[in-house]
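Chain by chain, the residues run as shown.
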Amino acid sequence: MSVIIQYVGIIDETTGVIISLNLTGGGDSLPSEGRIENSEPPKLVVHLKSSDEEGWAGYTQADITEQFWWDGEGWQKRGGRPGPFYIWNVVDKTWDFVETEFLSELRRQRNFKLSECDWTQTEDCQLSDNVKAQWRNYRQQLRDMPSTYGDEKTLEQVGWPAPPDGNEVPFI
């Protein structure tokens, strides 16, 4: 029985992170496994075989890239990324929340929500003074973000203020 190479992976040898993972397409001209000479950072070529013995059955290319890392001797499962604002910590072997990226995206979403209601504060707006004041309050609550957020790790968990008209602005 011949072994079928399903994927060719390029691994950052320093971190064990998969840099690329490509389907072989069944061709015969595959790169040899091993260290890529003069690569910086040092890289390895590894073959992933399409067999149940190696344990890859049922995993997609995206699953493998996200959930596995190379420890120098073999594949280790790290599980899926808990959310979009997490990166793999190669030293501690954990997913770490990157607050700066989260806050940057929170500000971007906040700014979008503000821009969607700029019209409520123009001089020629036909809203009543009372309704304009409600929109001003809503906009101030948005401006106070992200200083008012707590331990949230996703945008959906953030306590976004409700717009006065009740029409939530979707995330972009």
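Since this is a predicted model, take the numbers as computed values, not measurements.

To continue, consider the confidence of the model for the chain. The predicted structure's coordinates, where accompanied by low pLDDT, should not be read in detail. Averaged over every residue, the pLDDT of the chain is 89; the share at 70 or more is 94%. Within the chain, the element-level pLDDT minimum falls on strand β1 (residues 5–12), averaging 88, and the maximum on helix α3 (residues 129–143), averaging 96.

Another aspect to go through is unusual backbone geometry. Following Glu 40, the chain continues into Pro 41 via a peptide bond in cis, with omega recorded as -5 degrees. With respect to the element layout, Pro 41 can be found in the loop between β3 (34–36) and β4 (43–49). A positive phi angle is found at Asn 38, which is not glycine, with a value near 60 degrees. Here Asn 38 shows up in the loop between β3 and β4. Note on Asn 38: relative accessible area 81%, which makes it exposed.

Here helix α2 (residues 99–116) crosses α3 at 165 degrees, and the two axes come no closer than 9 Å. Taken together, the axis directions place α2 and α3 in an arrangement best described as roughly antiparallel. Note on packing geometry: the crossing formed by α2 with α3 is left-handed. Across from Arg 110, Lys 113 and Leu 114 in α2, the residues of α3 making contact are Tyr 138, Arg 139, Leu 142 and Arg 143. Taken together, the residues that form the contact of α2 with α3 break down as three nonpolar, no polar and four charged.

This next bit is on the side chain of Gln 67. Tracing the chain through its elements places Gln 67 in helix α1 (residues 61–67). The class of Gln 67 is buried, set by a relative accessible area of 15%. Among the polar contacts listed, one links the side chain of Gln 67 to the side chain of Lys 77, at a separation of 3.4 Å. Look past the residues within four positions of Gln 67 in its chain and what remains in contact with it is Tyr 59, Gln 76, Lys 77, Arg 78, Gly 79 and Gly 80.

So, on to the side chain of Arg 139. Assignment of secondary structure puts Arg 139 in helix α3. Aside from chain neighbours lying at most four places away, what touches Arg 139 is Leu 114, Cys 117, Asp 118, Thr 120 and Gln 121.

With that settled, the discussion passes to α3. With 15 residues, α3 extends 21 Å from end C-alpha to end C-alpha; this agrees with the ideal 21 Å at 1.5 Å per step. For α3, every residue scored as buried is listed here: Lys 132, Trp 135, Tyr 138, Arg 139 and Leu 142. With its buried residues spanning 120 degrees around the axis, α3 presents them on a single face. Structural note: α3 exposes Asp 129 and Asn 130 on the side pointing more than 90 degrees away from its buried face. Buried positions along α3 lie against α2.

Read from one edge of the open sheet, four strands run β2-β1-β4-β3, paired in antiparallel fashion. Each of the sheet's edge strands pairs with one partner strand only, and the pair in question is β2 (18–23) and β3. In this sheet, neighbouring strand axes are inclined to one another by 25 degrees on average, regardless of whether the strands run parallel or antiparallel. Sheet analysis places β1 next to β4, joined by seven bridges and oriented antiparallel. Note that in β4 the partner of Ile 5 across the bridge is Lys 49.

Conventions adopted
- Position numbers for residues count from 1 along each chain, tracking the sequence in the order it is written.
- Where totals are concerned, whole chains, interfaces and linings use all residues; where local detail is concerned, this predicted model gives features only for residues with pLDDT of at least 70, and gives and counts side-chain atom pairs only at 80 or more.
- The basis for every side-chain value is the complete set of non-hydrogen atoms in the structure, without hydrogens or water.
- Values of pLDDT, which run from 0 to 100, indicate the predictor's confidence residue by residue.
- The numbering of helices and of strands both runs from the N terminus, where a helix is a DSSP run of H or I of at least 4 residues and a strand a run of E of at least 2.
- A 1.4 Å probe rolled over the protein chains alone gives each residue an accessible area, and that area as a share of the maximum for its type sets the label: buried under 20%, exposed over 50%, partly exposed in between.
- Working convention: axes come from line fits to C-alpha atoms, limited for helices to the stretch in contact. Angles between N-to-C directions cover 0 to 180 degrees.
- Between 65 and 115 degrees an angle is taken as roughly perpendicular, under 35 as roughly parallel, over 145 as roughly antiparallel, and anywhere else as oblique.
- The sense of a crossing depends on the near helix, which, turned anticlockwise from the far helix by less than a right angle, makes the crossing left-handed and, turned clockwise, makes it right-handed.
- Here, residues are in contact when the closest pair of their heavy atoms is within 4.5 Å.
- In this count, Pro and Cys sit with the nonpolar residues alongside Ala, Val, Leu, Ile, Met, Phe, Trp and Tyr, while Asp, Glu, Lys and Arg are called charged and the others, Gly among them, polar.
- Any pair of nitrogen or oxygen atoms within 3.5 Å is treated as a polar contact; in protein, a donor-acceptor pairing is required on top of that, and neighbouring residues in sequence qualify only through side-chain atoms on both sides.
- Expected helix span is taken as 1.5 Å per residue step, with the number of steps being one fewer than the number of residues.
- Note that the arc is computed from the directions linking the helix axis to the C-beta atoms.
- A pair of strands is considered paired only if DSSP assigns at least 2 bridges between the two.

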